[in-house]
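A structural walkthrough
Chain by chain, the residues:
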Amino acid sequence: MGARGTALITGASAGLGEAYSRALAARGYDLILVARRLDLLENLAAELRSRHGIEAEAFAADLTSEEELERVALRIEQADRLVILVNNAGCAVEGFFVDTDIERQMDVVRLHDLAGMRLARAALPQLIARGAGALIFVSSMGGLFPFPANVTYNASKAFLVSFAQSLALELWRTGVRVQALCPGLTHTSFHATMGVDVSQVPEGMWMSADEVVEESLQALEEGRHGRIVFIPGKRNRRLGWLLLLPRPAIFRAVAMLARILEKIVGSPSRD
Ligand SMILES: NC(=O)c1ccc[n+]([C@@H]2O[C@H](COP(=O)([O-])OP(=O)(O)OC[C@H]3O[C@@H](n4cnc5c(N)ncnc54)[C@H](OP(=O)(O)O)[C@@H]3O)[C@@H](O)[C@H]2O)c1
């Protein structure tokens, strides 16, 4: 067993989850890798076992299914020495709320919020008993601002920010750290999976998954108190000053931007 204990990462088959898996393996953690695509998880687990001499297990589960979520929760409860839980698996449905399939919208909430909450509840008793460890909730800068055409995604990420902040207050004296990570645009398969063309977005607005994960883990390791909500990337953090404005001012600014965008992307159907 790795000397540092075990980390469970959801959405480990791609993007940020794969980057967390690589970074934590390099730091000597054993891994439980969760996502739906078992072949990708098995390949990654085999590679990280041989490269870093750690234990790595592939655990296939669709976290929008209540039954499969319970299987992952049970696996967490039975883990030998779980010290880090990364609630990272994510998806989004592009389009106006009224025009998109409601089941897919509900899956966004199931995946980000219900799964994140359920797995945190499964992990916490052992983290608290040990007086150490960390919960990372991968939220998004989208969770900090209201925005149209991605309504459920933004709201589900805002839930994670609020949940993590309140939970951190409960856990203040336990030694368990909490981070709500709020990345901006990050190069992963996320936008392609959503079916969105981002080729016109300037390169300077993007970060790599490795950069985001390295900043997230460094912030956790430095244990900066008050840094529960962490925005990776200097450029992204500069946008964070907007959050110092009163909420009505933020809403008015976003509404102006949305009106400009409406001319480009249109508005909800009236059929
Ligand atoms: N990329 C960005 O610009 C960006 C910005 C801010 C926040 N984020 C957040 O970062 C997180 C990771 O996204 P990413 O950018 O790395 O995207 P990604 O490359 O598309 O990876 C998404 C991961 O989630 C897993 N997943 C999706 N649906 C699942 C389900 N029903 N059950 C279990 N696993 C599921 C996928 O694996 P399987 O398909 O194998 O199940 C995959 O491993 C998400 O929460 C996303 O909201 C991303």
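Residues numbered from 1 in each chain as written. Predicted model: local features only at pLDDT ≥ 70, side-chain atom pairs only at ≥ 80, totals over all residues.

Below, the discussion takes up the overall build of the chain. Looking only at helices and strands, the chain features nine helices and nine strands. In terms of overall dimensions, the chain is globule-like: its C-alpha atoms have a radius of gyration of 19 Å, near the 18 Å expected for 271 residues. Overall, the chain is about 55 × 40 × 35 Å in size when its C-alpha atoms are taken along their principal axes. Sorting the 271 residues of the chain into buried and exposed places 39% on the buried side. Considering only intrachain contacts with a sequence separation of at least 6, the fraction spanning at least 24 residues in the chain is 68%. (Helix = DSSP H or I, 4+ residues; strand = E, 2+ residues; numbered from the N terminus. Rg over C-alpha atoms; globule rule 2.2 N^0.38 Å. Buried ≥ 20, exposed ≤ 12 C-beta atoms within 10 Å, placed from the backbone. Contact = placed C-beta atoms within 7 Å.)

Moving on, we get to the site of the ligand. Gly11, Gly15, Arg36, Gly90 and Thr188 are the nearest of the 27 residues found near the ligand. The set of elements that each furnish at least two residues to the shell around the ligand consists of helix 1 (15–26) and helix 6 (190–194). Among the residues forming the shell around the ligand, the class breakdown is 11 nonpolar, 13 polar and three charged. (Near = placed C-beta within 6 Å. Nonpolar A, V, L, I, M, F, W, Y, C, P; charged D, E, K, R; others polar.)

Now for the nonpolar core. In this structure, Leu31 and Leu33 are the most contacted members of the largest nonpolar core, which totals 68 residues. Broken down by element, the residue count for this core peaks at eight residues, all from helix 4 (residues 102–130). When near neighbours in sequence (up to four residues on either side) are disregarded, Leu31 contacts Ala7, Ile9, Ser21, Leu24, Ala25, Leu48, Ile54, Ala56 and Glu57. (Core = buried A, V, L, I, M, F, W, Y, C linked by C-beta atoms within 7 Å.)

Sheet architecture is open: seven strands sit in the order 3-2-1-4-5-6-9, paired in parallel fashion. Two strands in the sheet have a free side with no partner beyond their single neighbour: strand 3 (56–60) and strand 9 (229–230). In terms of strand pairing, strand 1 (residues 6–10) meets strand 2 (residues 30–35) through five bridges, oriented parallel. Of the residues in strand 2, the one forming a bridge with Ile9 is Leu33. The strands touched by helix 2 (residues 38–52) are strand 2 and strand 3; relative to strand 3, the strand with the most contacts, the crossing angle is about 175 degrees. This element, helix 5 (residues 151–170), spans strand 5 (134–138), strand 6 (177–181) and strand 9 of the sheet and lies at about 165 degrees to strand 6. (Pairing = 2+ DSSP bridges. Axes fitted to C-alpha atoms, helices over the stretch in contact; angles between N-to-C directions.)

Along the chain, Ala155 falls in helix 5. Residue class for Ala155 comes out partly exposed when judged on the 18 C-beta atoms lying within 10 Å of it. When the C-alpha atoms of Ala155 and Val108 are compared, they prove to be 9.9 Å apart, with 47 residues separating the residues in sequence.

Before going further, it helps to spend a moment on the packing of helix 1 against helix 7 (residues 209–222). For the pair helix 1 and helix 7, interaxial distance at closest approach is 9 Å and the crossing angle is 55 degrees. The angle between helix 1 and helix 7 places the two elements in the oblique class. In this structure, the crossing between helix 1 and helix 7 has a hand that is right-handed. Every residue of helix 7 that contacts helix 1 at Gly15, Leu16, Ala19, Tyr20 and Ala23 is listed here: Ala209, Asp210, Val212, Val213, Glu214 and Leu217. Split by residue class, the contact of helix 1 with helix 7 holds eight nonpolar, one polar and two charged. (Parallel < 35°, antiparallel > 145°, perpendicular 65-115°, else oblique. Left-handed = near helix turned anticlockwise from the far one by under 90°.)

Looking now at the environment of Ala92. Assignment of secondary structure puts Ala92 in the loop between strand 4 (82–87) and helix 4. For the pair Ala92 and Asn150, spaced 58 residues apart in sequence, the C-alpha separation works out to 7.5 Å. Setting aside residues no more than four positions away along its own chain, Ala92 makes contact with Val108, Asn150, Tyr153 and Met194.

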